[in-house]
Structures are given as structure tokens and as C-alpha cells.
Amino acid sequence: MSAFLAPIHFMVYGKNQLQEQLIAAIADKAVAGGWQTEAAVEGYVHRETQPLENIIDLANIHGWLSASIEDVEHRLAALVTELLFGHPERQEVLERLAYEEGTKQAAGEGLEAGEVFQYMMTHLVDGMPCDGVNMMRDQSADTFRWDKMADVHSRYWTEVEGSPAVYDALRSQFVAGMLEKTGYEVFSSNGVNYILQKKQTA
């Protein structure tokens, strides 16, 4: 593996950091709401502030990034599953929080559908780029259709006896927050085939 970092490596790290921010926000909400003590949730939070080049293993760039993805995915699943155990009503609170966190990464106005999709893909954790999780079907100025070729998230939730549906709900709200200013929304009837399109107006 080359010891040189490329833009794609920084993009993957940036996506991980955004999910780290969501984990931290959830942990902070849990403490503020009296759901858990700070000591109980702090183990799920990794507040890394150093630039990528200072912490990555340059002799194993791909492996380091892949392990980083697994770590951030596992901690999100474990924290949320613990907080919801015996308290399913908390999911609504966490979904609102995910939406709020999404608005902090809001895409701009005046974008075509393809540009919005690319913005989403540079902000959402979906495995390594070489995993080829999302494959375009077709696009126009106002619509973008794609298929999810692999489920790279569910196993983290089942491993901690949580529900992948909870992840889907949180991610959906995070995306909705990101797209708040764009006039677009995402639909899927089966969790495999997706369409990004302009919101329907009455």
C-alpha cells in the first residue's frame, strides 16, 4: 500500500468524523436527559481532533481506514441499542437529534439531483469506496435513482442485539436534515432501490 494519502482517504476519514459527531451528540443527549451517566457513555465517544495524517498508519492506509469504519459503526450501534433497551420511546428523541445533526451538514440550494447525491455520498458512512455499495441506475436534472448493492450496516446492530431498522430510521432523519434546504427528498419502498427527487408540492 502506498504511503501517500489521496483525497479519497480524507473523504473517508471525514465521513467517519461526521458519524463521530453524531455519536457524541447522542451521548451528550443521554447525559443531559438523565438516561445515563457521563462515565457510562464516554466509552462510546471518540473525540479525535488530530488531522488524518497525524494518526493514520501510513504502512496500512486501507486497513486503518477500514478498521476505523468498523469501529465507528459498532460504537453507534452499541450506544443507541443500550439507550433504547427498555425505553423504545427514546427513539423519537434520537431521530429528532439525528435530523438536527444533519442540518449542520446541510447541502446548499440550487443543486441538481446528481449533485445532491454526490454530496450525500461524501457525508454518509457506507463502507469503503471499493465496496461499491451504491450503484446509479439513472438520473435527470430533478431525479437520481440508485440501488444499494450491499448492506454494510446491519451486522453491527445485530451483533449488539439491536435493530437495523433503528439505524435506518436515524440515517433517514440525518439525510432529511442534510437535504432540508435543497428541495429534495429520498424514497425507498424496499431498502434496496432508492430515488432522490424534488419534493412534491400541493
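*Asks:* What is the right way to read unusual backbone geometry from this model?
*Replies:* Of all residues except glycine, most have a negative phi; of all peptide bonds, most are trans. Look at Glu161: it is not a glycine, yet its phi comes out positive at around 60 degrees. Its location among the elements puts Glu161 in the loop between α7 (154-159) and α8 (164-178). Assessed through its relative accessible area of 74%, Glu161 is described here as exposed.

*Asks:* How do you make sense of the packing of aromatic side chains when you look at a structure like this?
*Replies:* Both the distance between ring centres and the angle between the ring planes are used here to describe each pair of aromatic rings. Tallying each qualifying case throughout the model produces six aromatic pairs. Their ring planes at 50 degrees and their centres at 6.0 Å tell us that Trp157 and Tyr167 sit as a pair that is tilted. Here the residue Trp157 occupies a position in helix α7, and Tyr167 occupies one in helix α8, the gap between them amounting to 10 residues. Through pairs of rings, three or more aromatic residues link up here, namely Phe117, Phe144, Trp146 and Tyr194.

*Asks:* Whenever I open this one, the environment of Phe144 confuses me. Can you help?
*Replies:* Checked against the element boundaries, Phe144 lands in strand β2 (residues 143-148). Between the C-alpha atoms of Phe144 and Ala106, which are 38 residues apart in sequence, the distance is 18 Å. Contacts of Phe144, omitting those with residues within four sequence positions, involve Ala113, Gly114, Phe117, Met136, Asp138, Gln139, Tyr194, Ile195 and Leu196.

*Asks:* When you look at α8 in this model, what are you seeing that I'm missing?
*Replies:* Residue pairs spaced three or four apart in an α-helix point in one direction, given the helix's 3.6 residues per turn. Relative to the 21 Å expected for 15 residues at 1.5 Å per residue, α8 spans 21 Å between its end C-alpha atoms, a close match to the ideal helical length. Residues of α8 that are buried include every one of Val166, Tyr167, Ala169, Leu170, Phe174, Val175, Gly177 and Met178, and no others. In the core, the buried residues of α8 are packed alongside α4 (61-84), α5 (90-103), α6 (113-121), α7 and β3 (184-188).

*Asks:* Which parts of the structure should I look at to understand the sheet that holds β3?
*Replies:* As a general point, the strands of a sheet are linked pairwise by backbone hydrogen bonds and lie either parallel or antiparallel. One open sheet holds the four strands; their spatial order is β1-β2-β4-β3, and the pairing between them is antiparallel. Of all strands in the sheet, those bounded by a partner on one side alone are β1 (134-139) and β3. Recorded for the sheet is a direction-independent mean angle of 25 degrees between the axes of neighbouring strands. Summarising the sheet, β3 and strand β4 (residues 193-198) pair through five bridges and their orientation is antiparallel. Bridge pairing links Val186 to Leu196 in β4.

*Asks:* I tried to follow the pairing of β1 on my own but got confused; where do I start?
*Replies:* Regular strands place their side chains on alternate faces of the sheet. When β1 meets β2, the two strands line up antiparallel, connected through five bridges. Counted as the bridge partner of Met135 is Asp147 from β2. Between β1 and β2, which follow one another and run antiparallel, lie three residues.

*Asks:* Would you mind going over the side chain of Arg75 with me for this structure?
*Replies:* Among the secondary structure elements, Arg75 is positioned in helix α4. Under the relative-accessibility criterion, Arg75 is labelled buried at 8%. Excluding anything up to four places from it in sequence, Arg75 contacts Glu20, Ile23, Gly43, Tyr44, Val45 and His46.

*Asks:* Is there a simple way to think about the packing of helix α1 (residues 7-32) against α5 in this case?
*Replies:* Packed helix pairs are characterised by how far apart their axes lie and by the angle those axes make with each other. It is at 10 Å that the axes of α1 and α5 come closest, and there the two elements cross at 135 degrees. Judged on the interaxial angle alone, α5 and α1 are oblique. The crossing of α1 and α5 is right-handed. Touching Gln21, Leu22, Ala25, Ile26 and Lys29 of α1 are Val93, Leu94, Leu97, Ala98 and Glu101, all from α5. Of the residues that constitute the contact of α1 with α5, the class distribution is seven nonpolar, one polar and two charged.

*Asks:* For this particular structure, what's the right way to read the pattern of salt bridges?
*Replies:* Scanning the entire structure with this criterion turns up 11 salt bridges. Between Arg47 and Asp28 there is a salt bridge; the shortest N-O distance is 3.3 Å. A residue pair is termed long-range when its members are at least 10 positions apart, and Arg47 in the loop between α2 (38-42) and α3 (52-55) and Asp28 in helix α1 qualify at 19 residues. For Arg47, a relative accessible area of 47% gives the class partly exposed. A salt bridge links Glu101 to Lys104; the nearest nitrogen and oxygen atoms lie 2.8 Å apart. Classification of Lys104 by relative accessible area gives exposed; the value is 58%. In the salt-bridge network here, residues are joined through shared partners; they are Glu20, Asp71 and Arg75.

Scoring rules and cut-offs
Residues numbered from 1 in each chain as written. Predicted model: local features only at pLDDT ≥ 70, side-chain atom pairs only at ≥ 80, totals over all residues. Heavy atoms only, no water. Helix = DSSP H or I, 4+ residues; strand = E, 2+ residues; numbered from the N terminus. Buried < 20%, exposed > 50% of the residue type's maximum accessible area, 1.4 Å probe, protein only. Phe/Tyr/Trp six-rings, centres within 6.5 Å; stacked < 30°, edge-to-face > 60°. Contact = heavy atoms within 4.5 Å. Expected span 1.5 Å × (residues − 1). Pairing = 2+ DSSP bridges. Axes fitted to C-alpha atoms, helices over the stretch in contact; angles between N-to-C directions. Parallel < 35°, antiparallel > 145°, perpendicular 65-115°, else oblique. Left-handed = near helix turned anticlockwise from the far one by under 90°. Nonpolar A, V, L, I, M, F, W, Y, C, P; charged D, E, K, R; others polar. Salt bridge = Lys/Arg side-chain N within 4 Å of Asp/Glu carboxyl O.

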